[in-house]
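Chain by chain, the residues:
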Amino acid sequence: METFDYNLKLIIPEMFLFVWALVVIVFDISSKRRNSDSVGYLTMAGLAITAVLLYNFHGGISFNNMFSSDILALFFKVIFLGSAFMAVGSSFGLASDKIKNHRGEYYGLILFSTVGMMFLSSSNELISLYVGLELTTIPLFVLAAFYKDKKTSVEAGMKYLIVGAFSSAVLLYGLSLLYGFTGTTDLTMIKINLSLLFLSAGKIGPGLILAIVMIIAGISFKLALVPFHMWAPDVYQGAPTPITAFLSVGSKAAGVVAFARIFVHGLIAFVDPVMKPLDWGIIVAVMAAAAMVVGNITALRQHNIKRMLAYSSIAQVGYLMIGMVAVSELGIASVGFYMFMYLFANMGAFAVATIFEDKTGSSSISSYKGLSKSAPALSACMAIFLLSLTGIPPLGGFAAKYIVFAAGIQAGYYWLVILGLLTSVVALYYYANVIKTMYFSDGNSDLKINIHPAARLVLVIGVIGVIIFGIYPEPILNFAMESAALFALP
Amino acid sequence: MFGVEVSQLFFYLLSFIIIVSAIYVVSLRNIFHCALFLVLCLFSVAGIYILLEAEFLAAVQVLIYVGAVSILMIFAIMLTSRLANKKIMQSNDNVTVAIFVCAGFLLTSLGSFGYTVWKVVDSPLPENNTLTIGKLLMTDYVLPFEVVSIVLLAAMIGAIVLARREKI
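Note on numbering: residues in each chain are counted from 1, in written sequence order. In the order they appear in the text, chains get letters beginning with A and ligands get numbers beginning with 1. Per-residue local features of the predicted model are confined to residues with pLDDT of at least 70, and side-chain atom pairs are confined, for both listing and counting, to 80 or more; whole-chain, interface and lining totals are unaffected and use all residues.

## Quick word on the overall build of chain B
Which entries qualify depends on this criterion: Put simply, DSSP marks the helices as runs of H or I at least four residues long and the strands as runs of E at least two long, and each gets a number from the N terminus on. Only C-alpha atoms enter the radius of gyration, while the globule expectation follows 2.2 Å times N to the 0.38, with N the number of residues. Three exposure classes are used, all based on how many other C-beta atoms lie within 10 Å of a residue's own C-beta (placed from the backbone): buried at 20 or more, exposed at 12 or fewer, and partly exposed between those limits.
Counting its regular elements, chain B contains seven helices and zero strands. Radius of gyration (C-alpha) of chain B: 21 Å, far over the 15 Å computed for a compact globule of 168 residues. If you line up chain B on its principal axes, its C-alpha atoms span 65 × 40 × 30 Å. Within chain B, the fraction of its 168 residues that count as buried is 12%.

## Here's the deal with the domain arrangement of chain B
It is common to give the size of an interface as the accessible area lost on bringing the parts into contact. What counts here: Residue ranges labeled as domains rest on an automatic or database domain assignment.
Each assigned domain of chain B is listed here: domain 1 (1-90) and domain 2 (125-168). Averaged C-alpha coordinates put domain 1 of chain B and domain 2 of chain B at centres separated by 23 Å.

## A look at helix H1 (residues 12-30) of chain A
Residue and element names in this part refer to chain A. Note the threshold: The length a helix should cover is 1.5 Å for every residue beyond the first. This arc corresponds to the set of directions leading from the helix axis out to the C-beta atoms.
Taking 1.5 Å of rise per residue, 19 residues should cover 27 Å, and H1 covers 26 Å from first to last C-alpha, within 8% of that figure. Listed as buried for H1 are Pro13, Glu14, Leu17, Phe18, Trp20, Ala21, Val24, Ile25 and Asp28. Projected onto a plane normal to the axis of H1, the buried residues spread over an arc of 160° and lie on a single side. Residues of H1 that are exposed and point more than 90 degrees away from the buried face comprise Val26, Ile29 and Ser30.

## Examining the domain arrangement of chain A
All names here are of chain A. Examined at the domain level, chain A breaks down into domain 1 (8-279) and domain 2 (282-490). For domain 1 versus domain 2, the separation of C-alpha centres amounts to 21 Å. For the side of domain 1 that touches domain 2, the elements supplying multiple residues, two or more each, are helix H2 (38-56), helix H3 (71-89), helix H4 (92-97), helix H9 (206-223), helix H10 (231-238) and helix H11 (241-266). Of the residues forming the side of domain 1 that touches domain 2, the biggest block, 13 residues, is contributed by H11.

## A look at unusual backbone geometry
Each neighbour pair has its own omega, and for valine 226 of chain A with proline 227 of chain A the value is 5°, a cis peptide bond. At glutamate 53 of chain B, a residue that is not glycine, the phi angle is positive and equals roughly 60°.

## Some thoughts on the environment of arginine 261 of chain A
All names here are of chain A. So the rule is basically this: Two residues qualify as being in contact provided that their C-beta atoms, derived from the backbone, are within 7 Å of each other.
As for its position among the elements, arginine 261 is in helix H11. Considering only alpha carbons, one finds arginine 261 and threonine 152, 109 residues apart in sequence, at a separation of 35 Å. In this structure, arginine 261 is in contact with Asn124, Leu129, Leu187 and Gly266, ignoring residues within four places of it in sequence.

## Here's the deal with the interface of chain B and chain A
Counting residues at the interface gives 27 residues for chain B and 39 residues for chain A. Elements that contribute at least two residues to the side of chain B that touches chain A include exactly helix H5 (95-114) and helix H7 (142-163) of chain B. Element by element, the count of residues in the side of chain B that touches chain A is highest for H7 of chain B, at 13 residues.

## Let's talk about the packing of H3 of chain A against H11 of chain A
All names here are of chain A. Counted only if it meets this: Axes, fitted as lines to C-alpha atoms, cover a helix only where it is in contact. Angles between the N-to-C directions of the axes lie from 0 to 180 degrees. With respect to orientation, any angle under 35 degrees is reported as roughly parallel, any angle over 145 as roughly antiparallel, any angle of 65 to 115 as roughly perpendicular, and every other angle as oblique. By the convention adopted, Pro, Cys, Tyr, Trp, Phe, Met, Ile, Leu, Val and Ala count as nonpolar, Lys, Arg, Asp and Glu as charged, and the other residues, Gly among them, as polar.
For the pair H3 and H11, interaxial distance at closest approach is 9 Å and the crossing angle is 170°. By the criterion of interaxial angle, the relationship of H3 to H11 is roughly antiparallel. The segment H3 lies against H11, with Phe76, Ile79, Phe80, Ser83, Ala84 and Ala87 engaging Pro242, Ala245, Phe246, Val249, Gly250, Ala253 and Val257. A breakdown of the residues in the contact of H3 with H11 according to their chemical character gives eleven nonpolar, two polar and no charged.

Put into structure tokens, the structure is as follows:
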């Protein structure tokens, strides 16, 4: 009889968050859906407690190497919890107004999705990785369509469902081929078996390339990496704005960690000189380049802030993938660090868009005219977030881009880094355009915007994160370096 | 089980049924007939699983896909009066592009599988693989097994939220 190690201690944070999601739903029903704020606060409290639990219970492997609670997982779990926290915090306006009948389900589904991301980031094995990915995306389909009476939102949900199902199928086909080649679903064993197979047969053949391409395509759909990005703008525009924010940060971070686990861990052998012909790095590098170009150029022409941020997030993933293709310790650390800075800036920018939309019902950029006079604090926050997304020093986005580019140069991807620099200049134009609209155009200055305390907390977290970690990035960077050390890369 | 020739004969027969019925599913104009052909298609896939000595998979295929999913679809069609007896178009302007893309993908995958070194397991399959699968699901794979139940719960809550009629 084999021995099993079920260290249940390690999944306490996930179990707690799952139970908490049920508590939130039941609380909402039993309070007869009267309290508009307490459900939200309860959700935020649950996320905070999970973070504390995570700090206490991590480090180790459980469930026969299926659940690995390592530093990389910890790092990304902090990002997931942070993005869920900020998404929930900016949802109070819409919870008291637009989704009155389903507040509990709304928050509960956000928590379910977060649980999925947490499982995904810890999984060291293809089946649990896939299941985690499904748990991440299925609640998001529903959340995207949560405004049932709005055509755009239903369309967003439908599109996301179809694309999500299709990409899962492609990914699953790729993963099953990989299993066929190696006879195992454990990523560490896949690495060993592929090397053995290659050494004994001298070649593996084009089937593996097909598997790699399909896995890349499947995950790229989730990441909205060009050319698999077409769904993103429509879904981002139609979904409730906090969900858009959660999609663009949380679910992207989940895709990134899945990518890192599969490619940088399981298929690492194929960036070695011996097996170089089957290298996946170059495919991803070209896609990253396309993402930077397409995302930034298309963002120039957008008049809706959510669409603009959607295209900008496509471009941001392009920058992020520079760190991934570098396949070095610095590269993986830079990916984590970039995601962390992106969390604050992007969640913050979407929070401002949510607050503005709750008040005015509009998300077109031209309606931001003269916002600096009617809501100076809000526009200052927006300006800071957008400047950070551009990568202006001394904000967090600058440090993030700097480190990603450094990793790219170290790995010899000069052309990619140069393209990144050039497209950053393009990005400056459309981000600055919003700031210009807020500060230098006249609009109705009698607009009165009351920011809900929870949304205020989100903005404060975002601004502090962007500024403090921009000036003093060492703690996060060290944390990221420590998490990247896991892969034992050069 | 069968002799090699007989099982090969069955394989080709089943594959033929699968391909033909799958083509009917995506091309017929009466959606009810499409659903019936889908049942046939999924049922034949279960037959392929039996030929591969994956009895458990075959049973699951029949129970879930042939039993639950298809019946549910047929119910949905019959209860939706708009769909039941109406002719629908199953293709749009992109059909040529789609055919090229699918054919390209088919040829690429066939070609690349042909030139590939596959890992071959020499040891015979376990006698009672349903038992083995059951054991594995409750031991090695217990975590994903349990997480799947959370997925189902989330999907159920989501479906109820979306399908519920709102009080105005």
